[in-house]
Structures are given as structure tokens and as C-alpha cells.
Amino acid sequence: MQQQELIPHLFRTEYRKIIAVLCRQFGMEQIEVAEDIASQTFLTASETWGIKGLPENPTAWLYVAAKNKAKDHLKRNDLFQKKIAPQIKNSSSSELQETDIDLSEKNIQDSQLQMMFAVCHPSISSESQIGLALRILCGFGIEEIANAFLSNKETIGKRLTRAKEKLKLEKVKIEFPGENEISNRLENVLTTLYLLFNEGYYSAAKDKVVRKELCLEAMRLAHLLTENENTDLPQVNALLSLMCFHASRLEARTNDDGEIILYKDQNTDLWNKELIRQGEYFLNTAAKGNKLSKYHLEAAIAYRHTQKEDTVEKWETILQLYNHLLQIQYSPAAALNRAYAISKARSKNEAIKEAEKLDLTGNHLYYSLLADLYTNIDDEKALHHFQQALLLSKSAADKKLISENIRHLKMK
Amino acid sequence: MKEFVMLFRNDYNPASMPSPEQMQHMMKQWMDWMGGIAAQNKLANQGIRLGNAGKTVKPDNVVTDGPYAEIKESVGGFIVVRAASIEEAAEMAKGCPILKVGGNVELRDIVEINMLS
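On a predicted model such as this, the values are computed, not experimentally measured, just so you know.

## A closer look at the overall build of chain B
If you tally the helices and strands in chain B, you get 2 helices and 6 strands. Along the chain direction, N to C, the helices and strands of chain B fall in the order β-α-β-β-β-β-α-β. Oriented by its inertia axes, the alpha-carbon framework of chain B measures out at about 45 × 40 × 20 Å. Of all 117 residues assigned to chain B, the portion counted as buried reaches 16%. Long-range pairs, those at least 24 residues apart, make up 77% of the contacts in chain B with a sequence separation of at least 6.

## Notes on the overall build of chain A
Helix and strand content of chain A: 19 helices and 0 strands. The long-range share in chain A, meaning contacts at least 24 apart out of those at least 6 apart in sequence, stands at 61%.

## As for the interface of chain B and chain A
In many analyses, interface size is given as the accessible surface area lost on bringing the parts together. Across the contact, 12 residues belong to chain B and 13 residues belong to chain A. No other element matches helix α1 (residues 20-39) of chain B, which puts 8 residues into the side of chain B that touches chain A. Counted by class, the side of chain B that touches chain A contains 5 nonpolar, 5 polar and 2 charged residues.

## Points about the pairing of strand β3 (residues 55-58) of chain B
All names here are of chain B. With 4 bridges connecting them, β3 and strand β4 (residues 62-65) associate as antiparallel partners. Residue T56 lies in a different strand from β4, and its bridge partner there is T64. Linking β3 back to β4 in an antiparallel pair, the connection comprises 3 residues, with D60 at a positive phi of about 60 degrees.

## A word on the packing of helix α6 (residues 126-137) of chain A against helix α9 (residues 182-202) of chain A
Residues and elements named next belong to chain A. Across the interface, α6 lies against α9 with an axial gap of 10 Å and an inter-helix angle of 80 degrees. Taken together, α6 and α9 sit at an angle that is classed as roughly perpendicular. When α6 is examined against α9, the residues S126, Q129, I130 and A133 are found in contact with a partner set consisting of T191, T192, L195, L196 and E199.

## Side note on the confidence of the model for chain B
All names here are of chain B. The predicted model of chain B averages 89 in pLDDT, with 92% of residues at 70 or higher. Across chain B, the element-wise mean pLDDT spans from 85 in β4 up to 97 in helix α2 (residues 86-93). Under the prediction, the complex receives an ipTM of 0.87, its pTM being 0.85.

## Examining the packing of helix α2 (residues 31-52) of chain A against helix α3 (residues 58-76) of chain A
Residue and element names in this part refer to chain A. At a minimum axis separation of 9 Å, α2 and α3 run at an interaxial angle of 130 degrees. Taken together, α2 and α3 sit at an angle that is classed as oblique. The way α2 lies across α3 gives a crossing that is right-handed. The segment α2 lies against α3, with V33, I37, A38, Q40, T41, T44 and A45 engaging W61, L62, A65, A66, K69, A70 and H73.

## Observations concerning the environment of F140 of chain A
Residue and element names in this part refer to chain A. Position of F140 relative to the elements: it lies in the loop between α6 and α7 (142-148). Judged by local crowding, F140 falls into the buried class, with 24 C-beta atoms found within 10 Å. Considering only alpha carbons, one finds F140 and C23, 117 residues apart in sequence, at a separation of 16 Å. Beyond its immediate chain neighbours, meaning those up to four positions away, F140 contacts L134, R135 and I145.

## Overview of helix α16 (residues 348-355) of chain A
It helps to recall that an α-helix has 3.6 residues per turn; residues three or four apart then point in one direction. Within α16 of chain A, burial applies to A351, E354 and A355 of chain A. End-on, the buried residues of α16 of chain A take up no more than an arc of 95 degrees, which puts them together on one face. Where α16 of chain A is buried, its residues touch α15 (332-345) and α17 (364-374) of chain A together with α1 of chain B.

## Considering the confidence of the model for chain A
Across chain A, the average pLDDT comes to 89, with 93% of residues at 70 or higher. Here residues 91-97 of chain A is a poorly scored stretch, pLDDT under 50, and it has 3 contacts once near neighbours within four places are set aside; other chains count.

## A look at unusual backbone geometry
Among all residues except glycine, the phi angle is most often negative; among peptide bonds, the trans geometry is most common. One non-glycine residue with positive phi stands out, namely N376 of chain A, at about 75 degrees. Here N376 of chain A lies in the loop between α17 and α18 (379-392). Note on N376 of chain A: 11 C-beta atoms within 10 Å, which makes it exposed. For D60 of chain B, which is not a glycine, the phi torsion comes out positive at approximately 60 degrees. By secondary structure assignment, the location of D60 of chain B is in the loop between β3 and β4.

## What about the environment of L221 of chain A?
Residue and element names in this part refer to chain A. Relative to the elements of secondary structure, L221 occurs in helix α10 (residues 208-226). Through-space distance from the C-alpha of L221 to that of L137 is 8.1 Å; in sequence the pair is 84 residues apart. Contact partners of L221, with chain neighbours within four places excluded, come to M116, L137 and L193.

## Examining α17 of chain A
Residues and elements named next belong to chain A. Across the 11 residues that make up α17, a large majority, 10, are buried. Where α17 is concerned, the buried positions are H364, Y366, Y367, S368, L369, L370, A371, D372, L373 and Y374. Buried residues along α17 sit in contact with α15, α16, α18 and α19 (396-411). Following α17 by one or two positions, N376 has its phi on the positive side, about 75 degrees.

## Some remarks on the environment of K72 of chain B
Residues and elements named next belong to chain B. Assignment of secondary structure puts K72 in strand β5 (residues 71-83). On the basis of neighbour count, K72 is assigned to the exposed category, with 8 C-beta atoms found within 10 Å. Sequence-wise, K72 and N61 are 11 residues apart; in three dimensions their C-alpha atoms are separated by 25 Å.

Calculation criteria
- Residues numbered from 1 in each chain as written.
- Chains lettered and ligands numbered in written order.
- Predicted model: local features only at pLDDT ≥ 70, side-chain atom pairs only at ≥ 80, totals over all residues.
- Helix = DSSP H or I, 4+ residues; strand = E, 2+ residues; numbered from the N terminus.
- Buried ≥ 20, exposed ≤ 12 C-beta atoms within 10 Å, placed from the backbone.
- Contact = placed C-beta atoms within 7 Å.
- Nonpolar A, V, L, I, M, F, W, Y, C, P; charged D, E, K, R; others polar.
- Pairing = 2+ DSSP bridges.
- Axes fitted to C-alpha atoms, helices over the stretch in contact; angles between N-to-C directions.
- Parallel < 35°, antiparallel > 145°, perpendicular 65-115°, else oblique.
- pLDDT = per-residue confidence, 0-100.
- Left-handed = near helix turned anticlockwise from the far one by under 90°.
- Arc of directions from axis to C-beta.

Dropping the structure here:
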């Protein structure tokens, strides 16, 4: 790999490791220092390598550089000298110089997991949690995060700063939650990973590469959780399974212009069989214990969607899974999908009856669904609903899709 | 929105044992009905289903055994729903599958216990 490609590549894979280890070592109060040191390490690397050429082992070089910078910082730091150093000396009677930065694989992984719990803390908004996760756990630049959120650098920068301040104020510790706490805290982590994945899967951002990357990052973090025995729990495997099944359609669900291709119109040859197989593996692993999480149900629904055959039985199963899911947790998307499943498993008329009970009149998807259900039953009503949907839709991609439907309907 | 309890009552008859197919069919009807309430975001609590084994404790240390040979309108379970009025809740209850097998749904409002008063 050439140096021009190597540094961005290493930044992507190593920045997050260095920063997680440093954050954990320094504590949440010093999170900016950790970010500075990690960034400076890469700055020094690009300067030095530019002059002297690539070192033999660039990753090891980065770790040494990061360690040295961290130690320099600790030596310079007044607070450390006066307050923390004596304590370290007292407690372990070690010399200051011996303060080591442990960049072993084990410590990197532990630090990343602990940072995951710290970042996904209920004291900050889920938007901030996702932002911080992208910055610290995935090594995204502020600009990349802004792109993903369809926002600008200033807004994202401010949001992250506020979130960090809040975490400091709350004295959030970078550590594994205790055994009693872990399932509660884990739920929050899983929600954030779920939202991060959805941000990539459903976001209005046109850039296919950015969206795919968000999905893959969410999957990588979920993987990380399954690799630790404390967090390798059924609901984690269910979430990962769900992500694999969805991700199997990443290539098939958009065209080259980044426009959405609906499930029923997708080229099934583009579905990724390896990801489907992995999804099945994690779903099997998730089938332990006696707790059925919403991720189990969503993964089971996603699994059915990986089957190409469009049978009544398949849709009846999907319908029952949605019935179950909605009883555990309501969401407008699940309510709409349930109505759609009724139309496939039973009849359009039964689906219309159920759909019209839903109070989702501010949602363009509600009208799109009704329009779809009324098509061929009452085309005039269908047209009316499509027009409502068009009024309520926001993204250009949605408007285009609905306009096309209206055109088709008028041509009939 | 207020919350109301739906109590499901049916005559308990130990002699009638539905076949597995009938059980599955009934289960599906219940899931469809409850799924429909949940899809409207009106299911406040999934409640619980009651089994047939039981005991009744009475004054003077009298404990009678169950299950009972025959009980009229025995409570089989409950759910809690959200509705604007008890009339709306009654409308929702009309779809309950228990009505097709001779049972009924009793609707009750919920008393808020205010600890300060």
C-alpha cells in the first residue's frame, strides 16, 4: 500500500484503538487530551514518514509514538505531577516513568468495550451517543459525521462538545458495568448500535459509501460485544443477526444514483448470501435463554425476508411476528408493516380495515401504504392517498418514488 | 388517553379439551386481536394469562383446593388498554376472540392511588 493510502487506512483502523486505550487510562475528564494525542500521533506519522519513508511496521510505530506522546503529556501535566502522581506512587510505589500505556490487543478490546458503555450513557441524547460512538469508537472525522447526519461541521462539533461535557459532569466512569447493571446498560448500547445501523440503512444521505460504512461500523461494534463473554448475550446475537440480514440487501436496495429500490422490485441475485448465512448463525446463537427481545423478533422477521418465495405461509409467519413485536414495543413502522403483512397473508380488504384504524396521519408512509392497498380496489382513493403522501414526504427520493406511482396509476 | 383493564371471563369446563389445531387457531385469533390493539399504540400492558390450578384462602385458615369442577365466568386473564373513553375501550373489546367461545370481557377503569392525599 502506498503511503497516501496507508495513512487514511491506518487512521480508520488504529485511531479508534489508540483513543479508546488513552481515554480509559486518563479517564473521561481528560477525553480531549486523549483525542489530541491520538490526532497528533497521526500528524507526526505523516510528517516523519513523508521524510524518512515508511517504517517497517507502521502500526507498531504508531503505538510507540502514541505511548511516548502520552508519557510526555503525563510528565508535563501539572495536575498529574501534584495530585495523581503521588497517589500512584503511594498505591503501587511505582515510579512515574513506569506508567505504561498498554496497547496490547486485549487491552485495546477491553478499552473499546468499556468506552462503548461510557459513550452510550443515558445522560446524553441518542443523537449524541451515535455521534460520539462514530468519533471515538469508529474514528470518524467531524466532517464525515456531519455528512452522515446531513448536518454541518459546526453543529456536530458543538453537539459532541456538549455531550463530552455532560459525560464529565455526570462523572461517567470508563469501566465494565457491574453484573447487576449490565443488562440495563447493555440495552442502551444495543439501542445506540441499532440506531447507528438504521442511520446508515435508512438515511436520506445519497452517498452510498457513507451509508454502507455506517452499517458496517454498527456491525463491527456488535461483533465486538459478541467476542466478550460478559456481553455475548442472546439479545446481542439477535441484533447482530438482524443487521446481517438487512445488510445482505445493501447492494440490491439502491440503484447507482442512490435511489431506493423497493423490496418487491429488488434483483435477488444481488442479495449477499454470505451475510444471510452469518445472520442465520447469529440467530441460532441468539436462541438461548428464556428472554425474547424485540431484536429476536425483528431478526426473525428479517430472516423471512431473505427467503425469495412469496408464499401466504411466509407472510402469515411475518404477520404473527409483527403481532408479537408490537405487543413488546410499539413503533409506527411495525404497525404499518403489520398492515402490509395482512394484505399479503389474508386480503387487501382486511388490511385496509386494520390500516385505517392507525392514527398515523402525519406520516407519508401511512398514505403510501393505504394507496398501495387501495390500488385495483378503488383507484380513485388510491390516487388521493398517493397525493397525500406526496404532500407529506420530505426527501427528494421519496417524492420521486411517489410521483412515479401516481403516473402509473393515471396511465391505467 | 385513559387506561382501562379488560378482564377476560369464561366458564371453566375441565371436560372440554381443544385439539392442538384448535389451540393454534385460537392463539392466532388472540394474537391478531392484541396485535391490532398494539398497532394502534393502545396496548398499555400485555397483562397475564391465568392457568387452571389454584387455591382459595378463606377466613379461619380455610384453604380450598383447585382446580374447580365447574366455575361460572372464571377469570382467565387481563390486559390494560389505552382509550379516550370507556366507550372506545368497549368498541375495542368487541373484537375479542373470547366472545366467539361463550366468554365475555369485563371493562374496568383504574383508580389512581394518590399517596399524598
